[in-house]
Amino acid sequence: KIELNKNLVNYSEFYYEELLGILKKYLHQNNWLYVKEAKEISPDIEKTVPVFKRILLELSILFPDLKRGIVKKNSVIKFKSPLDIDMERILAKKSHHFEKNDLNRNSLLLSILKSLLKGIIEHIRKNRLDRNGFQQLQVDMYFIVQLCYEMVAIDDESLIIGFYFEMIQNAGEMCAEV
């Protein structure tokens, strides 16, 4: 069991590194101070979709009793009070990569997503943005977070929402014009 847990942790770290590698390239190759108006999702962001699909396929093979793919849900963004938003952001900040000793499909998927979203937040903090760059980042991060939101269990949806609001707040703080 210990060997299996190590392998699952390594699996989680592998996909975290692969996804974050794609997103780091995206976050650092753009000059965020001279971005054109946001009209569509960046092609670099679309490169993450096959990786997310591969994760879901592999998890359904590893945990055949819990098959669950992407479930179409409503938007991540719901009308919430500022207190609710702050509570979700705090929950996201305080979360750990592995919450439980028992590694199952949900905890493994959530560990990949939490690591990824925390990594994105750290890299967002390293960029200066203009208004268009901020809007493009909002569009692209919404796409990523919506994908994550549709993959997780209902119990973990608020955590994903908290990460989104944390990303947007950090991007807003790095924006010269907002």
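Residues numbered from 1 in each chain as written. Predicted model: local features only at pLDDT ≥ 70, side-chain atom pairs only at ≥ 80, totals over all residues. Heavy atoms only, no water.

### Some details on the overall build of the chain
The condition that has to hold: Working definition: helices are DSSP H or I runs of at least four residues, strands are E runs of at least two. Numbering for both runs from the N terminus. Residue exposure (1.4 Å probe, protein chains only): buried if accessible area is under 20% of the type maximum, exposed if over 50%, otherwise partly exposed. It only takes one pair of heavy atoms within 4.5 Å for two residues to be counted as in contact. Using a 1.4 Å probe, the Shrake-Rupley method yields the accessible areas, and only the shown protein chains count as cover for residues.
In terms of regular secondary structure, the chain is built from seven helices and zero strands. The order of helices and strands in the chain, counted from the N terminus, is α-α-α-α-α-α-α. When the 178 residues of the chain are sorted by exposure, 47% land in the buried category. Of the contacts formed within the chain by residues at least 6 apart in sequence, a portion of 85% connects residues at least 24 apart. Accessible surface computed for the chain: about 9,800 Å², of which carbon and sulfur atoms make up 56%.

### Re helix 7 (residues 157–173)
Test applied: To estimate the expected span of a helix, subtract one from its residue number and multiply by 1.5 Å.
The end-to-end C-alpha separation of helix 7 is 25 Å, in line with the 24 Å expected for 17 residues at 1.5 Å each. Here helix 7 lies mainly inside the structure; 13 of its 17 residues are buried.

### Focus: the packing of helix 5 (residues 105–124) against helix 6 (residues 131–151)
Rules: Comment: axis = line fitted to C-alpha atoms, over the contacting stretch for helices; angle = value between 0 and 180 degrees taken between N-to-C directions. Comment on the angle field: the value is read as roughly parallel under 35 degrees, roughly antiparallel over 145, roughly perpendicular from 65 to 115, and oblique elsewhere. In a left-handed crossing the near helix is turned counterclockwise from the far helix by less than a right angle, and in a right-handed crossing that turn is clockwise. Note on residue categories: nonpolar means Ala, Val, Leu, Ile, Met, Phe, Trp, Tyr, Cys or Pro, charged means Asp, Glu, Lys or Arg, and polar means any other residue, Gly included.
As a packed pair, helix 5 and helix 6 sit with axes 10 Å apart at the nearest point and diverge in direction by 170 degrees. Here helix 5 lies roughly antiparallel to helix 6, going by the angle between them. Here helix 5 and helix 6 pass one another in a crossing that is left-handed. Contacts between helix 5 and helix 6 pair Arg105, Leu109, Leu113, Leu117, Ile120 and Ile124 from the former with Leu137, Met141, Ile144, Val145, Cys148 and Met151 from the latter. Each residue belonging to the contact of helix 5 with helix 6 can be placed in one class, and the counts come to eleven nonpolar, no polar and one charged.

### A word on the packing of helix 3 (residues 48–62) against helix 6
Close contact between helix 3 and helix 6 brings their axes to 11 Å; oriented N to C, the two are set at 10 degrees. Between helix 3 and helix 6, the angle falls in the class roughly parallel. Between helix 3 and helix 6, the residues in contact are Thr48, Val49, Phe52 and Leu56 and Phe143, Ile144, Leu147, Cys148 and Met151, respectively.

### Observations concerning the packing of aromatic side chains
For any pair of aromatic rings, the description consists of the separation of the ring centres together with the inter-plane angle of the planes. Note the cut-off: Only Phe, Tyr and Trp rings are paired, with Trp represented by its six-membered ring, and only when their centres lie within 6.5 Å; those with planes under 30 degrees apart are stacked, over 60 edge-to-face, the remainder tilted.
Tallying each qualifying case throughout the model produces five aromatic pairs. Arranged with centres 5.1 Å apart and planes meeting at 70 degrees, the rings of Tyr11 and Tyr15 form a pair that is edge-to-face. You can see Tyr11 and its partner Tyr15 sitting in helix 1 (residues 2–29), four residues apart, about one turn around the helix. Here the aromatic rings of Tyr26 and Trp32 are separated by 5.4 Å at their centres, their planes lie at 80 degrees, and the arrangement is edge-to-face. Taken as a pair, Tyr26 and Trp32 share a single burial class, namely buried. Within the aromatic cluster, the residues linked to one another by ring pairs are Tyr11, Phe14 and Tyr15.

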